[in-house]
Amino acid sequence: MAHALYPGSFDPVTYGHIDVIRRASSLFDSLTVAVLNNSGKSPLFSVDERVKMLVGVCSDIPNVSIDSFSGLTADYVTANGINVIIRGLRAVTDFEYELQMAQTNRKLAPDADTVFLTTSLEYAYLSSTTVKEVAYFGGDISKFVPKDIEKLIFEKYKK
Ligand code: PNS
């Protein structure tokens, strides 16, 4: 059984993430999407809110489960017997950081391999950061995130 982990911030989840989740879920027996609880960052959404959003957008994918974690991705995969770490690659600018992270994780968790999925071209430009910036200035984010997520983002900025 190949069990994969897709770790990330997902602040918020975008169509780019959902594309990676759907494709990874069809490649592996099971996929856990896990939100990093990173106290060093000040996210727009709490970990619970991000988990809830992911549960919503993944509700129709049977082999996907949602979780959150603190600390190292390598410790999470080791503790849960996971052998694949999924990361999306959008452009060459992602590569250096992703390569370093994959090699670090391989040292820390030698039984797990990182598998990169190249983001579908239509989402290659997309990031949670740009979605937040466009939404902050009241721009149209309907092409970047599902309707329910769009609503939640604008509710945050109204506050
Ligand atoms: O969505 P992101 O912010 O690009 O995800 C980055 C993430 C969460 C995958 C990465 O920061 C991570 O794995 N953090 C956990 C801490 C860790 O394991 N660091 C060592 C790898 S260099």
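The model shown is predicted, which means the values in this text are computed figures rather than measured ones.

Peer 1: So what exactly am I meant to see when it comes to the site of the ligand here?
Peer 2: Neighbouring the ligand are the residues P7, G8, S9, L36, K41, G71, L72, T73, R87, Y97, M101 and N105. Here an oxygen atom of the ligand and a side-chain polar atom of S9 are 2.5 Å apart. One nitrogen or oxygen atom from the side chain of T73 is found 2.6 Å from an oxygen atom belonging to the ligand. Protein chains shield 74% of the accessible area of the ligand, which is 550 Å² for the free molecule. According to the grid-proximity analysis, the pocket containing the ligand is the largest pocket. Listing elements by their share of the shell around the ligand, those giving two or more residues are β1 (3-8) and α4 (92-108). In terms of residue class, the shell around the ligand is made up of 5 nonpolar, 5 polar and 2 charged.

Peer 1: Please explain the packing of helix α5 (residues 128-136) against helix α6 (residues 147-158) as it appears in this structure.
Peer 2: Packed helices, taken two at a time, are described by the angle between their axes plus the distance between the axes. Contact geometry of α5 with α6 gives a least axis separation of 10 Å together with a crossing angle of 55°. Between α5 and α6, the angle falls in the class oblique. Taken as a pair, α5 and α6 cross one another with a handedness that is right-handed. Contact residues: V131, K132, A135 and Y136 in α5; I153, F154 and Y157 in α6. Looking at the contact of α5 with α6 residue by residue, the class counts come to 6 nonpolar, no polar and 1 charged.

Peer 1: Could you clarify how one ought to interpret the environment of L126 in this entry?
Peer 2: Here L126 lies in the loop between β5 (113-118) and α5. According to the relative accessible area criterion, L126 is buried, its value standing at 4%. Considering only alpha carbons, one finds L126 and T14, 112 residues apart in sequence, at a separation of 7.8 Å. Those residues within four positions of L126 in sequence are excluded, and the remaining contacts are T14, Y15, G16, R90, V131 and F144.

Peer 1: Where do I start with α5 in this structure?
Peer 2: Three- or four-residue spacings in an α-helix give side chains the same orientation, since the helix completes a turn every 3.6 residues. Looking at α5, one finds that the buried residues are S128, V131, K132 and A135. The buried residues of α5 occupy an angular sector of 95° when the element is viewed end-on, so they sit on one face. Facing away from the buried surface of α5 by more than 90 degrees, the exposed residues are T129 and E133. Looking at the packing, one finds that the buried side of α5 touches α1 (15-27) and α6. Looking one or two places after α5, you find G138, whose phi comes out positive at around 75°.

Peer 1: Sorry if this is basic, but what is going on with the side chain of S25 here?
Peer 2: Looking at the element boundaries, S25 is found in helix α1. Take S25: its relative accessible area is 9%, and that puts it in the buried class. Every residue in contact with S25, bar those within four places of it in the chain, is listed here: L31, I61, N63 and V64.

Peer 1: I would appreciate a short explanation of unusual backbone geometry in the present structure.
Peer 2: Backbone phi values are negative for most residues with the exception of glycine, while trans is the configuration of most peptide bonds. Backbone torsion omega between D11 and P12 reads 0°, so that peptide bond is classified as cis. Looking at the secondary structure, you find P12 in the loop between β1 and α1. Here the phi dihedral of F10 falls at roughly 50°; this positive angle occurs in a residue that is not glycine. You can see F10 is positioned in the loop between β1 and α1. Overall, F10 belongs to the buried group, its relative accessible area being 2%.

Criteria and cut-off values
- Residues numbered from 1 in each chain as written.
- Predicted model: local features only at pLDDT ≥ 70, side-chain atom pairs only at ≥ 80, totals over all residues.
- Heavy atoms only, no water.
- Near = heavy atom within 4 Å.
- Polar contact = N/O pair within 3.5 Å; in protein donor to acceptor, adjacent residues only side chain to side chain.
- Areas by Shrake-Rupley, 256 points an atom, 1.4 Å probe, with all protein chains shown as cover.
- 1 Å grid on protein atoms, 1.4 Å probe; cavity = no way out; pocket = protein on both sides within 12 Å on 5 of 7 lines; lining within 4 Å.
- Sits in = over half its atoms within 2 Å of the grid points.
- Helix = DSSP H or I, 4+ residues; strand = E, 2+ residues; numbered from the N terminus.
- Nonpolar A, V, L, I, M, F, W, Y, C, P; charged D, E, K, R; others polar.
- Axes fitted to C-alpha atoms, helices over the stretch in contact; angles between N-to-C directions.
- Parallel < 35°, antiparallel > 145°, perpendicular 65-115°, else oblique.
- Left-handed = near helix turned anticlockwise from the far one by under 90°.
- Contact = heavy atoms within 4.5 Å.
- Buried < 20%, exposed > 50% of the residue type's maximum accessible area, 1.4 Å probe, protein only.
- Arc of directions from axis to C-beta.

What is shown is where atoms sit, not what they do.
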